[in-house]
Amino acid sequence: MRLATWNVNSIRARLPRIVDFAVREHIDVLAMQEIKCKTDQFPYEAFEEAGYHVAAHGLNQWNGVAIASREPLEDVEIGFPGMPGFAKGHDGPDAPQEARAIGATVGGVKVWSLYVPNGRALGDPHYYYKLEWLSALQEYTSETLSRTPDLAFALTGDFNIAPTDADNGVPQMVQGFSTHISPPEREAFAALEAAGVADVVRPLIPTGYTYWDYKQLRFPRNEGLRIDFILGSHAFAQAVTGAQIHRNERKGEVPSDHVPVVVDLDLTGPEADEDRPMIFG
DNA sequence: ATGCCTTCTGGGAGAAGA
């Protein structure tokens, strides 16, 4: 199985490009973020014509997540249990949830497409929302893996955190002034990993970014961020045989500001373990 | 310590992104 995650920054603005990529690269499961449309505005037909089933969740012009799959999607979940909400004029548990998480089971793998809140600025209410959202995700992950430790389980998406200094290629982003690199955000990411999921791409692709801002020549200067990840449980990580970051998708006509991150999985069993990269310990 | 780009929208100036 070939699994990809991609913050597409509007599914309608670049639909052919996204479907073409999925078909050309033989993607079996494509987790998308920032579809920027309502559920019923999603261009299902184009994916179906290309041989994909789709589960989408969008409430308005912001956020929005979806999963396209060659095999049928089972047990689709909108939002993860305990996911906090956020809205202007709302605070605390009454805040409505945003369209930032959709999960489904495909071929025995539980896959989440996640769009972690941006945070906007250090100290902004959105920043605290981001940290709460990540804490709730950690809680959900921990609970899930303690209940079903052998589950092939993956958190994929735009985490809006550059976990190490090497993941930040933007000179203007400096510690103490910027979201995405602050210690509390990095601690939240580490806590998520400690809950039982590992970055399955980094051992295979140690360097490189997944996002470059549209302005200020960020892409030509290669001033990007690595903020899009595939975090897998032990059972998931054991099945990984390869990974790719499709940097070329940042080029050409109307690109997204993010590029696809891909992993190959061999889910036939533990026989072939010897040939696979060591991801956990 | 930001918005030079890009997207969206019962309305086109404002919100949001990282």
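Structural data are supplied above this passage.
A quick note: this is a predicted structure, and the numbers were derived from the prediction, not measured.

Enquirer: Let's hear about the protein's contact with DNA strand B: which residues, and what values?
Expert: Neighbouring residues of DNA strand B: 28 residues in total, closest Asn118, Arg120, His180, Gln216 and Leu225. Of everything in DNA strand B that lies within 4 Å of the protein, sugar and phosphate atoms constitute 72%. Residue Asn118 places a side-chain N or O atom 2.2 Å away from a base nitrogen belonging to DNA strand B. Side-chain polar atom of Lys215 to a base nitrogen of DNA strand B: 3.0 Å apart, as the coordinates give it. Among the residues forming the surface near DNA strand B, the class breakdown is eight nonpolar, eleven polar and nine charged.

Enquirer: Please set out the sheet that holds strand 9 (residues 198-199) residue by residue, giving values where relevant.
Expert: Read across the sheet, six strands follow the order 5-6-7-8-10-9 without closing on themselves; strand pairing throughout is mixed. Looking along the sheet, the strands with just one partner apiece sit at the ends: strand 5 (74-78) and strand 9. In the sheet, strand 7 (residues 109-115) pairs with strand 8 (residues 152-158) via seven bridges, with the strands oriented parallel. Counterpart to Lys110 in the pairing with strand 8 is Phe153. Here helix 3 (residues 125-147) sits on the sheet in contact with strand 5, strand 6 (101-106), strand 7 and strand 8, set at roughly 165° to strand 8.

Enquirer: Can you lay out the layout of surface pockets for me, pointing to particular residues and giving the numbers?
Expert: As a volume, the largest pocket reaches approximately 870 Å³. For the largest pocket, the lining is made up of 35 residues, of which Arg100, Tyr115, Asn118, Arg120 and His126 are closest to its centre. Across the lining of the largest pocket, the residue classes break down as 13 nonpolar, eleven polar and eleven charged.

Enquirer: Help me get a handle on the environment of Arg147, residues and values and all.
Expert: On the secondary structure map, Arg147 appears in helix 3. A relative accessible area of 52% places Arg147 in the exposed class. At a separation of 3.0 Å, a polar atom in the side chain of Arg147 contacts the side chain of Glu143.

Enquirer: Give a description of unusual backbone geometry that names residues and reports values.
Expert: Its identity is not glycine, yet Asn9 carries a phi of approximately 50°, on the positive side. Looking at where Asn9 falls in the secondary structure, it is placed in the loop between strand 1 (2-7) and helix 1 (15-24). The exposure class of Asn9 is buried, given its relative accessible area of 10%. Positioned with a positive phi, Leu217 is a non-glycine residue whose angle comes to about 55°. On the secondary structure map, Leu217 appears in the loop between strand 9 and strand 10 (228-232).

Enquirer: Residue-level account of the packing of helix 3 against helix 4 (residues 183-194), with values.
Expert: Close contact between helix 3 and helix 4 brings their axes to 9 Å; oriented N to C, the two are set at 10°. When the axes of helix 3 and helix 4 are compared, the pair comes out roughly parallel. Seen from helix 3, the contacting residues are Tyr127, Lys130, Leu131, Leu134, Leu137, Gln138 and Thr141; seen from helix 4, they are Pro184, Glu185, Ala188, Ala191 and Leu192. Here the contact of helix 3 with helix 4 is composed, by residue class, of eight nonpolar, two polar and two charged.

Enquirer: Describe the environment of Arg276, naming the residues involved and giving the relevant values.
Expert: Looking at where Arg276 falls in the secondary structure, it is placed in the segment after strand 12 (261-265). The class of Arg276 is buried, set by a relative accessible area of 12%. For the pair Arg276 and Ala239, spaced 37 residues apart in the sequence, the C-alpha separation amounts to 7.6 Å.

Enquirer: Talk me through the pairing of strand 8; I want residue IDs and the actual numbers.
Expert: The element strand 8 is extensively covered by neighbouring structure, given that seven of its seven residues are classed as buried. The parallel pair strand 7 and strand 8, bridged by helix 3, forms a crossover whose chirality is right-handed. Alignment of strand 8 against strand 10, held across five bridges, turns out to be antiparallel. Looking across to strand 10, one finds that Ala154 is bridged to Gly232.

Enquirer: Provide a residue-level description of the sheet that holds strand 4 (residues 65-69), including the pertinent values.
Expert: A sheet is described by the order of its strands in space; here six strands give the open sequence 3-4-2-1-12-11, paired in mixed fashion. The open sheet terminates on both sides in strands that have one partner only, identified here as strand 3 (53-57) and strand 11 (240-245). The average angle at which neighbouring strand axes cross in this sheet is 15°, direction not considered. The sheet contact formed by strand 2 (residues 29-33) and strand 4 spans five bridges and is antiparallel. Bridge pairing in strand 4 links Met32 to Ala66.

What counts, and where the lines are drawn
- Residues numbered from 1 in each chain as written.
- Chains lettered and ligands numbered in written order.
- Predicted model: local features only at pLDDT ≥ 70, side-chain atom pairs only at ≥ 80, totals over all residues.
- Heavy atoms only, no water.
- Near = heavy atom within 4 Å.
- Polar contact = N/O pair within 3.5 Å; in protein donor to acceptor, adjacent residues only side chain to side chain.
- Nonpolar A, V, L, I, M, F, W, Y, C, P; charged D, E, K, R; others polar.
- Pairing = 2+ DSSP bridges.
- Helix = DSSP H or I, 4+ residues; strand = E, 2+ residues; numbered from the N terminus.
- Contact = heavy atoms within 4.5 Å.
- Axes fitted to C-alpha atoms, helices over the stretch in contact; angles between N-to-C directions.
- 1 Å grid on protein atoms, 1.4 Å probe; cavity = no way out; pocket = protein on both sides within 12 Å on 5 of 7 lines; lining within 4 Å.
- Points joined across faces, edges and corners; volume = space filled by probe spheres on them.
- Buried < 20%, exposed > 50% of the residue type's maximum accessible area, 1.4 Å probe, protein only.
- Parallel < 35°, antiparallel > 145°, perpendicular 65-115°, else oblique.
- Right-handed = clockwise from strand over helix to strand, strands pointing away.

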